[in-house]
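If you want the building blocks of each chain, they are given just below.
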Amino acid sequence: MTRVEDTLGRPLRNLRISVTDRCNLRCQYCMPEEEYAWLPRAEILHFGEIAALVDVFTGLGVDKVRLTGGEPLLRRELPRLVRMLAAKPALRDLAVTTNGLLLAEQASALREAGLHRVTVSLDTLRPDRFAALTRRASHAQVLEGIAAVPRAGFAGTKLDTVVIRGLNDDELADLVEFAKAVPAELRFIEYMDVGGATRWSPDQVVSRREMLELLERRYGRIEPIVDDGPAPADRYRLPDGTVFGIISSTTQPFCARCDRSRLTADGTWYLCLYATAGVDLRGPFRAGAGPEALTALITGRWRGRTDRGAEERLALRDRAPLLQVAQLRADPRLEMHTRGG
Ligand code: SF4
């Protein structure tokens with residue numbers, strides 16, 4: 001294994017792999033539009049291609065893979081891919097981020113296939129708000145999915161909540177209490193102006209500082225957990241020992257320690273969530289490029305990486321959605337649901 005670092009000394013370590021751009025929800029902060037341009041099916045990577053690319057990445061220091069989407073559990077036979085990846089000794093951590101709709105029926109098979117951890121998106125405990133946010137009346141299915149996770153034998157479960165002012169910012173403590181009972185660690189995520197978030201505006205963002213103020217009103221003093229690792233969430237401990245996290249890339253970005261990159265379902269590699277251009281790995285791979293050539297391509301690009309997208313966005317005076325609908329239609333890879341958040 002050769003460890004590669006970018007221009008800021010950040011290692012290539014954490015790879016998020018989108019296995020489909022399709023989703024069975026339409027969350028307002030990610031897919032607010034009626035129509036979407038989808039990736040051509042012929043260009044979607046086969047499991048064997050994903051596994052081969054992961055071998056190249058692990059040879060360069062990647063030891064964490066997170067499967068994402070769209071909604072990854074929509075990808076047929078996902079446990080088969082999990083089994084292929086779980087068999088790789090270089091992978092220290094193999095996780096999935098899901099909206100939970102299909103989790104009740106798939107949790108055991110994913111666990112049996114070797115998946116290590118599950119993160120479920122849960123933005124509200126109220127079915128009416130869920131329906132308004134996602135345009136689907138399937139809140140109960142998500143709760144069933146979450147309940148299936150510990151039953152399947154998973155530990156280290158996380159629940160991710162995107163906090164939006166006026167939508168769910170009055171549910172923070174309730175969500176913390178809900179997560180305790182799962183058990184899971186709750187992570188609040190600041191609303192981000194990335195990809196398909198065409199309805200984003202600064203006044204809808206509830207900052208980390210505000211979230212902590214809201215929670216301190218309920219719980220009293222909250223203790224920060226000092227950790228300068230690469231994980232995106234800053235973590236905190238409540239007086240009763242409960243731990244939760246806040247991912248604050250909109251108001252307090254953490255680009256300086258970012259070791260993450262993303263592979264879309266059609267094999268385009270992005271070095272930053274805000275990047276508008278990626279590296280085509282599918283083309284060279286299907287044209288016969290071997291591990292050496294792909295290793296050289298990835299090494300060269302990572303070593304030249306300067307991305308600090310969230311920091312650059314924060315420096316903008318008049319911040320507005322990153323991309324307009326026309327740009328997203330022209331290149332669906334710019335969408336958050338195509339690069340897996
Ligand atoms: S904005 Fe880009 S560089 Fe910054 S943390 Fe996110 S992915 Fe990493």
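Residues numbered from 1 in each chain as written. Predicted model: local features only at pLDDT ≥ 70, side-chain atom pairs only at ≥ 80, totals over all residues. Heavy atoms only, no water.

Student: Before we go on, may I ask you to explain the overall build of the chain in this structure?
Tutor: Counting secondary structure elements, the chain contains twelve helices and twelve strands. In terms of C-alpha radius of gyration, the chain reaches 19 Å, essentially the compact-globule figure of 20 Å for 341 residues. Considered along the principal axes of its C-alpha atoms, the chain spans approximately 60 × 50 × 40 Å. Here the chain holds 341 residues, and the buried ones make up 56% of them. Look at the contacts in the chain between residues 6 or more apart in sequence, and 75% of them connect residues 24 or more apart. (Helix = DSSP H or I, 4+ residues; strand = E, 2+ residues; numbered from the N terminus. Rg over C-alpha atoms; globule rule 2.2 N^0.38 Å. Buried < 20%, exposed > 50% of the residue type's maximum accessible area, 1.4 Å probe, protein only. Contact = heavy atoms within 4.5 Å.)

Student: Is there a simple way to explain the pairing of strand E1 (residues 14-18) in this structure?
Tutor: As a general feature of sheets, a regular strand has side chains that alternate between the two faces. Across the five residues of E1, five count as buried, placing the element largely inside the fold. With burial as the criterion, each face of E1 is covered, one bearing Asn14, Arg16 and Ser18 and the other bearing Leu15 and Ile17. As paired elements, E1 and strand E2 (residues 64-68) share five bridges and run parallel to each other. Bridge pairing in E2 links Ile17 to Leu67. Between the parallel elements E1 and E2, the chain passes through helix H1 (residues 47-58) in a crossover that is right-handed. With four bridges joining them, E1 and strand E10 (residues 260-263) adopt parallel strand pairing. Looking at the pairing, Asn14 lines up with Arg260 of E10. (Pairing = 2+ DSSP bridges. Right-handed = clockwise from strand over helix to strand, strands pointing away.)

Student: What should I look at first to understand unusual backbone geometry in this one?
Tutor: Peptide bonds are mostly trans, and most non-glycine residues show a negative phi. Look at the link from Gly69 to Gly70: it is a cis peptide, with omega at 5°. Structurally, Gly70 can be placed in the loop between E2 and helix H2 (78-86). The peptide bond linking Val182 to Pro183 adopts the cis configuration, its omega dihedral lying at -10°. With respect to the helices, strands and loops of the structure, Pro183 is situated in the loop between helix H6 (172-181) and strand E6 (185-190). Of note, Glu77 is a non-glycine position whose phi angle comes to about 60°, a positive value. Looking at the secondary structure, you find Glu77 in the loop between E2 and H2. Residues other than glycine seldom take positive phi values, yet Arg135 does so here, at roughly 60°.

Student: Could you clarify how one ought to interpret the environment of Thr119 in this entry?
Tutor: Tracing the chain through its elements places Thr119 in strand E4 (residues 117-121). In sequence terms Thr119 and Ala132 are 13 residues apart; their C-alpha atoms lie 22 Å from each other. Among the polar contacts made by the side chain of Thr119, one reaches the side chain of Arg66 at a distance of 3.1 Å. (Polar contact = N/O pair within 3.5 Å; in protein donor to acceptor, adjacent residues only side chain to side chain.)

Student: Help me out: how do you make sense of the pairing of strand E8 (residues 234-237) in this one?
Tutor: As paired elements, strand E7 (residues 223-225) and E8 share three bridges and run antiparallel to each other. In the strand pairing of E8, Glu223 is matched with Arg237. The sheet contact formed by E8 and strand E9 (residues 243-247) spans four bridges and is antiparallel. Within the sheet, the bridge partner assigned to Asp234 lies in E9 and is Ile246. What sits between E8 and E9 in their antiparallel hairpin is a turn of five residues, with Gly241 showing a positive phi close to 95°.

Student: In this structure, what is going on with the site of the ligand? I would like to understand it.
Tutor: Taken together, 14 residues sit near the ligand, with Cys255, Cys258, Cys272, Leu273 and Ala310 positioned nearest. Taken together, the residues that form the shell around the ligand break down as seven nonpolar, one polar and six charged. (Near = heavy atom within 4 Å. Nonpolar A, V, L, I, M, F, W, Y, C, P; charged D, E, K, R; others polar.)

Keep in mind these values describe shape, not function.
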